[in-house]
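Chain by chain, the residues:
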Amino acid sequence: QEKRTFDVEVSRLMHLIIHSLYTNKEIFLRELISNASDALDKLRFICITDKTLNIDPSSFKIRIGIDADKGAIYIIDNGIGMTKEELAKNLGTIAKSGTAEFIKKLEAAEDNKNLIGQFGVGFYSSFLVAENVTVISRKAGSEESYAWESNGDGFVVRELKEDETPMEEQGTKIILGLKDKYFLDTNVLKDLVKKYSEFIQFPIEMEITKKEEEEVEDTEAMRQEAEEKAKKRIEEGETSKTEEELIEEELKNVEVKHKFITKNITSWEPINVNKPIWMRSDVTDEEYNQFYKALTKDTKDPLAKIHFNTEGDSVFRALLYIPAEGPNPFAPKDPEKLKQMLRLYVRRVFVSGDFYTTLPDYLTFIRGVIDSDDIPLNVGRELIQENRHIDRIKRKVVRKVLQLIQDLSENNSTVFEAFMKEYSVQMKIGAITDVPNRGRIAKLLRYYSSVSGNETMSFQDYIGRLKENQTEIYYVCADSLEEAKNSPVAQSAISAGYEVIYMTDPVDEAASRSINTFEGKTLVDLGKDGFGVETDDKEYDELKEFIKENIKEVSKVEVSNKLGNVAGVVISGKDGLTANMEKLIKAHATANKKDFNLENLKRVLVINGEHDIIIKINVLIKEDKKEQAIEFVKGMYNTALIQSGYTVTDSNEYAQWVQKMIEKELSGIEEVENKEEKKEVKEENTVGVDDIVNQKNEL
Ligand SMILES: Nc1ncnc2c1ncn2[C@@H]1O[C@H](COP(=O)(O)OP(=O)(O)OP(=O)(O)O)[C@@H](O)[C@H]1O
């Protein structure tokens, strides 16, 4: 019975809970009911696989009661229960991943209100309202009940005290000695159950005490009358009998009297409708949203939902939701949370939270329930991955979700835009990884383009605007819209009258490359393949060779007449890295840079056959002024690199060269000070007209 200390994390959490200004204390009931429901789920599952237990799941329930005299409320379930060891382990430590970070966040937050509610501090939330908590539990299959007790500062696990009743059957009773008497009220508790736990699959019953009037014999009044009559007979001189004998005699003769008394009658009243919401067809929007919030602990309504049942080779029902907020890419994924929020049932029995592991990664934001009629009940974690029914369910679920998004794109642009804002990265990852659904996903993607203005557009919109005989879809990838718009390759395609899609998300390049064709049209990355037909002008053959010899990164030189006012652009060519990809790799600290062969880059330089710079460098080559030509070729190449979004390999050398050019340009201009001096000297030496006249006169 010695007092034990909580695990460090629990102590810190407990401190926060006890001292928290969290106003929404009522969530404790949601947490305790949800634990009770989990305990029932666990036992129901065991009952199916272990017949020796001999427990009838139809008796499963959760009961909530009030002990007004002790200022306590209690929650009882007849679920799996806990052994003595489990009481200490489960209610003294926190096994959940991410707890340490969460506690840190809570400690740092000035206002930890929302955080407590969102994370759901589980059992420990009891201490939001209770000053002491007693848990009495009996594990299924065992005869013993044990108690766990705490006032928030450490705990004991012990045998039951004399005034504590052992559990009649398996299960757990949580007794909360309240600090806040507000919750000692049946109506308050009832409302809370309705608010938070209406969708719990087990009956929740509330102890209701009613006062009833009952008519009973008024024995006191009858005795009093008999006594009075007996006294009278004694006074009148009757001495043969004792007073008690006289009273007994009179009692037989007095008229039967009645009185009314009030009796406390307690009964258990069901307070939830426990037909699962996904089995119903009359669900209101409000109920859908409440169920979502109960399932996910999200405070916002979901963005969209889909409720369907399937027939045929796989019979199941599903109610699925898309949360209003997309996953935070920096937050660690908590498998325990994912398990709670996408639940697999078999004929109404909760079997597993592992269904999410079968979904493609990009769709693990889906929340809800799936209830199958076909899966064997004893499906375990490993089987989930292999079971053919589950595989069918998974494929249908993915299709249905994509269909839902497609429908939104056609019928509800506001929700669709909100969806894309939160989930476009997921969809693009889907385009890369989900090969069978790639075509469907490609239809959902949205981008800005050279003609789309402030609105985004789809590949379908692009196809609808193709130029005559156009067989390709052009796009450029860049860091920002501005950079994409200004890219010379984009400019050259635009000035030739083509629409160019601007892709600015880091995953865009890989996604578009995976999509590759859309409705028969090839997607062309202008940064890779360039734009414009290579001319077969022989005029520049010597220059082309010269460039390749002198710039080792350039594996090919092409001549184009469609580059507008730039002398050259750099593209990646078939096997090289585009500017965007190169930047990403360089920025990605963990990428193994050697894999990408950054030392040995291959690039294609496209020179503008009609640009003055190229024409003049060509003259130098033809006149065999190669020393001079090298300098200009390098300068032109490095400028083209920058204009095409690459970084210059030897930026120092390039900067010096630019400086030299600037100096050369400026060399005709003299310093202001020098000019003044020179002017003065000049003035001294100038001979004026008057001087000449004077000189003449002198002569
Ligand atoms: N009514 C109960 N019956 C049986 N076991 C319980 C009961 N309540 C709690 N437990 C056990 O105690 C553990 C800790 O409970 P706690 O509420 O802190 O966390 P959780 O239920 O795992 O997560 P959360 O409630 O935050 O979703 C549970 O995992 C469970 O093993």
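Here the residue index of a chain counts from 1 through its sequence in written order. Note on the predicted model: pLDDT of at least 70 is required for a residue's local features to be given, and 80 or more for side-chain atom pairs to be given and counted; whole-chain, interface and lining totals, by contrast, use all residues. Hydrogens and water are ignored here; the side-chain numbers use all heavy atoms of the structure.

1. Points about the overall build of the chain
Counting from the N terminus, the helices are the DSSP runs of H or I reaching at least four residues and the strands are the DSSP runs of E reaching at least two. The secondary structure content of the chain amounts to 26 helices and 21 strands. Every residue pair with non-hydrogen atoms within 4.5 Å of one another is taken to be in contact. Excluding contacts between residues fewer than 6 apart, the proportion of contacts in the chain whose partners are at least 24 apart in sequence is 73%. When the accessible surface of the chain is summed, it comes to about 37900 Å², and 48% of that surface belongs to carbon and sulfur atoms. Accessibility throughout is a Shrake-Rupley quantity obtained with a 1.4 Å probe, and a residue counts as covered only by protein chains that appear here.

2. Description of the packing of aromatic side chains
Each Phe, Tyr or Trp ring (for Trp, its six-membered ring) is paired with any other whose centre lies within 6.5 Å, and the angle between the two planes then decides the class: stacked below 30 degrees, edge-to-face above 60, tilted in between. Scanning the model with the defined rule gives 20 aromatic pairs in all. Judged by centre distance (5.8 Å) and plane angle (20°), the ring pair of Trp-148 and Phe-155 falls under stacked. Relative to Phe-518, the ring of Phe-459 lies with its centre 5.4 Å away and its plane at 35°, an arrangement referred to as tilted. Linking Phe-459 in helix H15 (residues 459-464) with Phe-518 in strand E17 (residues 517-518), this pair joins segments that are 59 residues apart in sequence. Across the pair, Phe-518 and Phe-459 agree in class, each one buried. An aromatic cluster of at least three residues, connected via ring pairs, comprises Phe-6, Phe-123, Tyr-124, Trp-148 and Phe-155. Lysine NZ or arginine CZ positioned within 6 Å of the ring centre and within 35 degrees of the ring normal marks a charge as sitting over the ring. In this structure, Lys-173 is placed above the aromatic ring of Tyr-74, and the distance from its NZ or CZ to the ring centre is 4.7 Å. Geometry around Phe-308 places Lys-400 over its ring, the cationic atom sitting 4.8 Å from the centre. Per-residue accessibility, obtained with a 1.4 Å probe over protein chains only, is compared with the maximum for each type, and a residue is labelled buried under 20%, exposed over 50%, and partly exposed between these values.

3. Examining the side chain of Asp-525
Note that Asp-525 resides in strand E18 (residues 521-525). The exposure class of Asp-525 is buried, given its relative accessible area of 4%. A distance of 2.9 Å separates a polar side-chain atom of Asp-525 from the backbone nitrogen of Gly-527. Residues in contact with Asp-525, not counting those within four places in the same chain, are Tyr-475, Val-476, Cys-477, Glu-509, Arg-513, Gly-530 and Thr-578. In the analysis that follows, any N or O atom pair within 3.5 Å is treated as a polar contact, provided that within protein one partner can donate a hydrogen and the other can accept it, and provided that, for residues neighboring in sequence, both atoms belong to side chains.

4. Quick look at the side chain of Thr-358
For Thr-358, the position within the fold is in the loop between strand E12 (349-352) and strand E13 (367-372). A distance of 2.7 Å separates a polar side-chain atom of Thr-358 from the backbone oxygen of Phe-355.

5. Points about the confidence of the model for the chain
Per-residue confidence from the predictor is given as pLDDT, running between 0 and 100. Summarising the model, the chain shows a mean pLDDT of 86, and 89% of its residues fall at 70 or more. Quick note on the complex model: pTM equals 0.66, ipTM equals 0.98.

6. Notes on the sheet that holds strand E20 (residues 568-571)
Paired strands are those between which DSSP finds at least two bridges. The mixed open sheet is built from three strands, whose spatial order is E19-E21-E20. This sheet does not close on itself; its edge strands, each paired only once, are strand E19 (554-560) and E20. When strand polarity is set aside, the average angle formed by the axes of neighbouring strands in this sheet is 25°. Axis geometry follows a simple rule: fit a line to the C-alpha atoms, using only the stretch in contact for helices, then measure angles between N-to-C directions, giving values from 0 to 180 degrees. Packing of helix H20 (residues 541-550) onto the sheet brings it into contact with E19 and strand E21 (603-608), and relative to E19 it is tilted by some 150°.

7. Side note on the packing of helix H22 (residues 612-622) against helix H23 (residues 626-643)
At a closest axis distance of 9 Å, the pairing of H22 and H23 adopts a crossing angle of 155°. Accordingly, the angle class assigned to the pair H22 and H23 is roughly antiparallel. The two elements H22 and H23 cross, and the hand of that crossing is left-handed. Within the contact between the two elements, H22 uses Ile-613, Ile-614, Ile-617, Leu-620 and Ile-621 and H23 uses Gln-628, Ala-629, Phe-632, Val-633 and Met-636. Looking at side-chain class alone, the contact of H22 with H23 contains nine nonpolar, one polar and no charged residues. Throughout this description, any angle smaller than 35 degrees is read as roughly parallel, any larger than 145 degrees as roughly antiparallel, any in the 65 to 115 degree range as roughly perpendicular, and the remainder as oblique. Two helices cross in a left-handed way if the nearer one is turned anticlockwise from the farther one by less than a right angle. They cross in a right-handed way if the turn is clockwise. Polar here means any residue outside two lists: the nonpolar Ala, Val, Leu, Ile, Met, Phe, Trp, Tyr, Cys and Pro, and the charged Asp, Glu, Lys and Arg; Gly therefore counts as polar.

8. Points about the nonpolar core
Grouping buried Ala, Val, Leu, Ile, Met, Phe, Trp, Tyr and Cys residues that are joined through side-chain atoms within 4.5 Å yields what is termed a nonpolar core. The biggest cluster of nonpolar side chains holds 72 residues, and the ones touching the most others in it are Leu-320, Ile-370, Met-427 and Phe-459. Looking at which element gives the most residues to this core, the answer is helix H12 (residues 388-411), with nine residues.

9. As for the sheet that holds strand E9 (residues 304-310)
An order of E9-E10-E13-E11-E12 is seen for the five strands of this open sheet, with the pairing classed as mixed. If you trace the sheet from one side to the other, it starts and ends with E9 and E12, each paired once. Across the sheet, the mean angle from the axis of one strand to that of its neighbour is 20°, orientation sign disregarded. For strand E10 (residues 316-322) and E13, the ladder comprises six bridges, and the chain directions are antiparallel. Each bridged residue has a counterpart across the sheet, and for Phe-316 the counterpart in E13 is Ser-372. Across the sheet, helix H2 (residues 27-49) lies against strand E11 (342-346) and E12, angled at about 85° from E12, the strand it touches most.

10. A word on the environment of Gly-573
Position of Gly-573 among the secondary structure elements: in the loop between E20 and helix H21 (579-587). Look at Gly-573 and you get buried, because its relative accessible area is 10%. Residues Gly-573 and Val-604 lie 31 residues apart in sequence; the distance between their C-alpha atoms is 5.7 Å. In this view, Gly-573 contacts Lys-528 and Val-604; residues no more than four positions away in its chain are not counted.

11. So, the packing of helix H1 (residues 8-18) against helix H4 (residues 99-108)
One can describe the packing of H1 onto H4 by two numbers: an axis separation of 10 Å at closest approach and a directional angle of 30°. Comparing their axes, H4 and H1 come out roughly parallel. Where H1 crosses over H4, the handedness of that crossing is left-handed. Touching Glu-9, Arg-12, Leu-13 and Leu-16 of H1 are Thr-99, Ala-100, Phe-102, Ile-103, Lys-104, Leu-106 and Glu-107, all from H4. Taken together, the residues of the contact of H1 with H4 sort by class into six nonpolar, one polar and four charged.

12. Focus on the pattern of salt bridges
Salt bridges are identified by distance alone: a Lys or Arg side-chain nitrogen within 4 Å of an Asp or Glu carboxyl oxygen. Under the criterion given, the structure shown has 41 salt bridges. Close ionic contact of Glu-149 with Arg-158 constitutes a salt bridge, the shortest N to O distance being 2.7 Å. According to the relative accessible area criterion, Arg-158 is buried, its value standing at 4%. Note that Lys-634 and Glu-653 form a salt bridge whose closest N and O atoms lie 3.5 Å from each other. Of this pair, Lys-634 sits in helix H23 while Glu-653 sits in helix H24 (residues 651-666), placing them 19 residues apart in sequence. According to the relative accessible area criterion, Glu-653 is partly exposed, its value standing at 40%. Among the charged side chains, a salt-bridge network with shared partners connects Arg-233, Glu-238, Lys-241, Glu-249 and Glu-250.

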